[in-house]
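Below are the chains, spelled out letter by letter.
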Amino acid sequence: MKNAAFTSYALLGSGRVARHLLFYFESLNLPVKTWSRQNDSPERLRELVDSSSHVLFAVKDDAIAELSLPFINSGRTLVHFSGALHVSGVAVAHPLMTFGGQFEDLDWYPLIPFVLEAGTTMEELLPGLPNRGWPIEPQLRSLYHALAALAGNSAFLLWKNIGDEFERKLGLPRGLLQPFLHQAVTNSMQTALPAFTGPVARGDWET
């Protein structure tokens, strides 16, 4: 089955990643059916896997190993989306993106990079998606995931607190910060040199 022509996707899960992937796949007219523990039976899961070429585990990390175990030798291509988890027999395609509660514009989704394990390709794991895959060696995945989590969560917590202070103490809308923060991120990606602003950039240490 792994070498056969692409047939269809079985997308397992009902969280944010699963919902965004379903929206994206459907926008590309890719054949996809879904399953979740909350709404479907184990019997339907087996039927769904039997009729699919690719099984995607968009579920919590601690559920992937148990959920995938019956299908390891099924001949299907099994893929999970965890940044650091290793499950024997299940490939990884981690989307380097944070997903909110609302769907994004359709031109946003093809820009998401997927970080794969070396030796695999997007064409093998997620055929039909135009996104680029970036392979790394398995032993680097823990570091990769730690850096990605730090980039997403530390910046989020800092900017959320600043937004709270703008609203509570300054009486300014937090949305006022959006162009400024967007440009700060853009500057940080354009140069390896520090792109500090204001008194830090000028060396106004007394200020």
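First, a word on what this report is: a plain description of the structure on this page. Predicted model, so just to flag it, every value in this text is computed and none were measured. (Residues numbered from 1 in each chain as written. Predicted model: local features only at pLDDT ≥ 70, side-chain atom pairs only at ≥ 80, totals over all residues. Heavy atoms only, no water.)

Glancing now at the nonpolar core. Core analysis: the biggest nonpolar cluster contains 23 residues, and Tyr9, Phe25, Leu56, Phe114, Leu126 and Leu129 have the highest contact counts within it. Listed by contribution, the elements that provide at least two residues to this core are strand 1 (9–12), helix 1 (16–27), strand 5 (91–95), strand 6 (114–117) and helix 4 (122–125). With four residues, the top contributor of residues to this core is helix 1. Excluding residues that lie within four positions of it along the chain, Leu129 makes contacts with Tyr9, Tyr24, Phe25, Leu28, Leu30, Phe114 and Met122. The next biggest cluster of nonpolar side chains, apart from the first, holds 14 residues, and it includes Leu12, Leu45, Leu67 and Val87. (Core = buried A, V, L, I, M, F, W, Y, C linked by side-chain atoms within 4.5 Å. Buried < 20%, exposed > 50% of the residue type's maximum accessible area, 1.4 Å probe, protein only. Helix = DSSP H or I, 4+ residues; strand = E, 2+ residues; numbered from the N terminus. Contact = heavy atoms within 4.5 Å.)

By the secondary structure assignment, Ser53 is in the loop between helix 2 (42–50) and strand 3 (54–57). Assessed through its relative accessible area of 3%, Ser53 is described here as buried. Side chain to side chain, Ser53 and His54 meet in a polar contact 2.8 Å long. (Polar contact = N/O pair within 3.5 Å; in protein donor to acceptor, adjacent residues only side chain to side chain.)

Within the fold, Tyr9 resides in strand 1. When the C-alpha positions of Tyr9 and Leu48 are compared, they lie 9.0 Å apart, and in sequence the two are 39 residues distant. Ignoring any residue separated from it by four or fewer positions in sequence, one finds Tyr9 in contact with Phe25, Leu30, Pro31, Val32, Lys33, Ser52, His54, Leu56, Leu125, Leu126, Pro127 and Leu129. Looking at Tyr9, its side chain comes within polar contact range of the main-chain oxygen of Pro127, at 2.7 Å.

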